[in-house]
Amino acid sequence: MILAADAVNRVLGSGLFWAGMGVGALTGAAFARMRLGWIAHRKVKDSMPGLRKTAWAGVGGFAKFAVILIALLIVTLAWLSGHHVNLSPASTPETPASPSSSTR
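In this report, we go over the structure that sits alongside the text. Owing to the predicted nature of the structure, the values given are computational and were not obtained by experimental measurement.

Procedures and definitions
- Residues numbered from 1 in each chain as written.
- Predicted model: local features only at pLDDT ≥ 70, side-chain atom pairs only at ≥ 80, totals over all residues.
- Heavy atoms only, no water.
- Helix = DSSP H or I, 4+ residues; strand = E, 2+ residues; numbered from the N terminus.
- Buried < 20%, exposed > 50% of the residue type's maximum accessible area, 1.4 Å probe, protein only.
- Areas by Shrake-Rupley, 256 points an atom, 1.4 Å probe, with all protein chains shown as cover.
- Phe/Tyr/Trp six-rings, centres within 6.5 Å; stacked < 30°, edge-to-face > 60°.
- Salt bridge = Lys/Arg side-chain N within 4 Å of Asp/Glu carboxyl O.
- Patch = residues over 30% accessible without salt bridge, like charges linked within 9 Å, V, L, I, M, F, W, Y side chains within 5 Å.

Section: the overall build of the protein
In step 1: Counting secondary structure elements, the protein contains two helices and zero strands.
In step 2: When each of the 104 residues of the protein is scored for burial, the buried share is 0%.
In step 3: When the accessible surface of the protein is summed, it comes to about 9700 Å², and 73% of that surface belongs to carbon and sulfur atoms.

Here we look at the packing of aromatic side chains
In step 1: Inspection of the entire model under this criterion finds one aromatic pair.
In step 2: Aromatic side chains F17 and W18 sit 5.0 Å apart centroid to centroid with 75° between the ring planes, which places their arrangement in the edge-to-face category.
In step 3: In this structure F17 comes out as partly exposed when scored by relative accessible area, which is 45%.
In step 4: Among the residues examined, W18 registers a relative accessible area of 57% and is labelled exposed.

Re the pattern of salt bridges
In step 1: One pass over the full model with this rule turns up one salt bridge.
In step 2: Two residues, D46 and R42, come together in a salt bridge whose shortest N-O distance is 3.8 Å. Remark: R42 and D46 occur in helix α1 (residues 4–82); sequence separation between them is four residues, near one turn of the helix.
In step 3: D46 gets classed as exposed once you look at its relative accessible area, which sits at 55%.

Remarks on a nonpolar patch on the surface
In step 1: Taken together, F17, W18 and M21 make up a surface patch of nonpolar side chains, about 370 Å² in accessible area.
In step 2: Since its relative accessible area comes to 44%, M21 is described here as partly exposed.

These figures come from the coordinates and say nothing about function on their own.
Written out as structure tokens, the structure is:
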């Protein structure tokens, strides 16, 4: 004959066993996902030096292009601003003689 206390112990023991199995399964699944993520992370990180070099080469190429473009823009604006300026000495216009100066 099973006593009530014995039944409670069996139910509690079984519940704790299955709760431990559930926690263990969840922990194992989380560990497996973490491990797969770590392996993928290492693969990507190991391939990064080449990718990083390529990315910086692209940035450097764009920076050179931008500097040349800005320099051309500044030179063009400077040329346009000074294009219509006459750098030769201007001839002074002759002033007409006043009528009072010709009477003397």
